[in-house]
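Structural description and commentary
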Amino acid sequence: MTMIKETYPVKAGDMTAAGDVSARIKRQMKQLGIPASVVRRVSVGTYEAEINLVIHSEGGRIDFSISPEKITIRVVDQGPGIPDLKKAMTEGWSTATNEVRNMGFGAGMGLPNMKRNADEFTIESTVGVGTDITMSFNI
Amino acid sequence: MTICEIAGILDAKWLCCEEEADRTVLYAFASDMMSDVLAHVGEDTMLLTGLINSQSVRTAEMLDVPCLVFVRGKLPHKDAVQRAEQIGLPVLLTSCSMFEACGRLYAAGMTACSLSGYEGEADDDDD
Ligand SMILES: Nc1ncnc2c1ncn2[C@@H]1O[C@H](COP(=O)(O)OP(=O)(O)OP(=O)(O)O)[C@@H](O)[C@H]1O
Ligand SMILES: [Mg+2]
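Presented here is an overview of the structure given in this document. Keep in mind it's a predicted model, so treat the numbers as computed, not measured. (Residues numbered from 1 in each chain as written. Chains lettered and ligands numbered in written order. Predicted model: local features only at pLDDT ≥ 70, side-chain atom pairs only at ≥ 80, totals over all residues. Heavy atoms only, no water.)

Right, let's talk about the overall build of chain A for a bit. Summing up its helical and strand segments, chain A has five helices and five strands in all. N-terminal to C-terminal, the α/β element order of chain A is β-α-α-β-β-α-α-α-β-β. Here the C-alpha atoms of chain A give a radius of gyration of 14 Å, agreeing with the 14 Å that 2.2 N^0.38 yields for 139 residues. Expressed as lengths along the three principal axes of its C-alpha atoms, the size of chain A is roughly 40 × 30 × 25 Å. The 139 residues of chain A split such that 52% are buried. Taking contacts inside chain A between residues at least 6 apart in sequence as the whole, the part at least 24 apart equals 63%. Summed over its atoms, the accessible surface of chain A is roughly 6700 Å², and 51% of this surface lies on carbon and sulfur atoms. (Helix = DSSP H or I, 4+ residues; strand = E, 2+ residues; numbered from the N terminus. Rg over C-alpha atoms; globule rule 2.2 N^0.38 Å. Buried < 20%, exposed > 50% of the residue type's maximum accessible area, 1.4 Å probe, protein only. Contact = heavy atoms within 4.5 Å. Areas by Shrake-Rupley, 256 points an atom, 1.4 Å probe, with all protein chains shown as cover.)

Looking now at the interface of chain A and chain B. Counting from both sides, the interface comprises 28 residues of chain A and, opposite them, 24 residues of chain B. Here chain A packs against chain B, burying approximately 2000 Å² in sum over the two surfaces, 51% of which is carbon and sulfur. It is A:Arg40, A:Tyr47 and A:Met109 that lose the most area in chain A upon contact with chain B, and together they represent 29% of the buried surface on that side. At the boundary of chain A with chain B, the tally comes to two salt bridges. (Buried area = accessible area lost by both parts, 1.4 Å probe. Salt bridge = Lys/Arg side-chain N within 4 Å of Asp/Glu carboxyl O.)

Turning our eyes to something else, we now look at the environment of A:Asp132. Residues and elements named next belong to chain A. Mapped onto the elements, Asp132 comes out in strand β5 (residues 130–138). Residue Asp132 is classed as partly exposed on the basis of its relative accessible area, which comes to 21%. Once the C-alpha coordinates of Asp132 and Val75 are considered, the two residues, 57 residues apart in sequence, prove to be 5.7 Å apart. Asp132 has contacts with Arg74, Val75, Val76, Thr122, Ile123 and Glu124, leaving out every residue within four places of it along the chain.

With respect to spatial proximity, 21 residues lie near ligand 1, and among them A:His56, A:Ser94, A:Thr95, A:Gly106 and A:Met109 are the closest. Mapping the residues near ligand 1 onto chains gives chains A and B. At 2.9 Å from an oxygen atom of ligand 1 is found a main-chain nitrogen or oxygen belonging to A:Gly110. Taking B:Ser35, its side chain carries an N or O atom lying 2.8 Å from an oxygen atom of ligand 1. Contact with the protein chains hides 96% of the accessible area of ligand 1, taken as 600 Å² for the molecule alone. Elements supplying a minimum of two residues to the shell around ligand 1: α2 (36–56) and α5 (110–117) of chain A. (Near = heavy atom within 4 Å. Polar contact = N/O pair within 3.5 Å; in protein donor to acceptor, adjacent residues only side chain to side chain.)

All names here are of chain B. For the structure shown, the criterion picks out 12 salt bridges over all chains. The salt bridge partner of Arg58 is Glu61, with a shortest N-O separation of 3.3 Å. Placement of both Arg58 and Glu61 in helix α3 (residues 54–62) is noted, with a separation of three residues, approximately one turn of the helix. Each member of the pair Arg58 and Glu61 is classed as buried.

The two faces of the sheet receive side chains in turn, since in a regular strand these alternate between them. All names here are of chain A. As paired strands, strand β3 (residues 70–77) and β5 are joined by seven bridges and run antiparallel to one another. Counted as the bridge partner of Thr72 is Ser136 from β5. Both strand β4 (residues 120–126) and β5 contribute to a ladder of seven bridges, which runs antiparallel. Residue pairing for β5: Thr122 is matched across the bridge by Thr134. Hairpin remark: β4 followed by β5, antiparallel, with three residues in the connecting loop; positive phi at Gly128, about 90°. (Pairing = 2+ DSSP bridges.)

On to the nonpolar core. Across soluble globular proteins, nonpolar side chains have a tendency to be buried as a group. Formed by 61 residues in total, the largest nonpolar core has its most connected members in A:Ile71, A:Ile73 and A:Met135. The element best represented in this core is α2(A), accounting for nine residues. Of all hydrophobic cores here, the second largest spans 20 residues; its members include B:Leu10, B:Leu48, B:Val69 and B:Leu105. (Core = buried A, V, L, I, M, F, W, Y, C linked by side-chain atoms within 4.5 Å.)

By themselves these figures say nothing about function.
Put into structure tokens, the structure is as follows:
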């Protein structure tokens, strides 16, 4: 049984709007009375994913769903895809530009941090097609 | 330590939400890299930063940071303060450098936040 299922688009390159979707999802979780520690983990994971969509992808979407047992965040983009997932999942590995670093991101921490915060984490990526990440969080 | 005390220690100016002055802060973390903040900051942890764009406020919002301090007297972007006001996040501005701000807080008894989730990995690196 799913209580909520929503989809939010995320635009590539728009750093000023980066975080809008995560903030919205966070607000919804709080309104639903989800425990603060869960809200926090979901918020961090979603925000990392949203920033990645903005700085690394050609645009994509975030799906947010809640069932009585868990919260699921799925993040799908339209490319460019990640050539070496093992490298991408390594802490400190980043292809971010200096411009992105000047905005406080690009330390190569995001993907490992998503994995650590989620109870389940899967990532699939195909160069030329895109990246598909699912994080689930037990309530 | 209350935010009011923190403001005094740092000779800081309130940029918004002064009504939250009595809120208590247990730990502190300082960085200009939001990636590191997101990876390390635990609960009840204030953030000191020199990053003045709106992502510092966004990051604080995601982590339920109780108080955000901008160091080196760098006035944050207007939209950052507006956002903080909207979400009720107290923001301070100090002319102290990052080093001095952290030193003053540490000397006054503020505790560093433990690097959540990193203890095991740090051990591996040392081997
Ligand atoms: N959606 C994506 N599309 C294409 N490449 C991606 C995507 N997400 C991540 N990557 C690649 O994987 C690398 C590691 O991502 P990760 O989020 O861990 O670090 P980062 O975004 O570079 O820095 P940080 O997350 O610390 O700000 C990125 O530098 C980028 O090369
Ligand atoms: Mg990232």
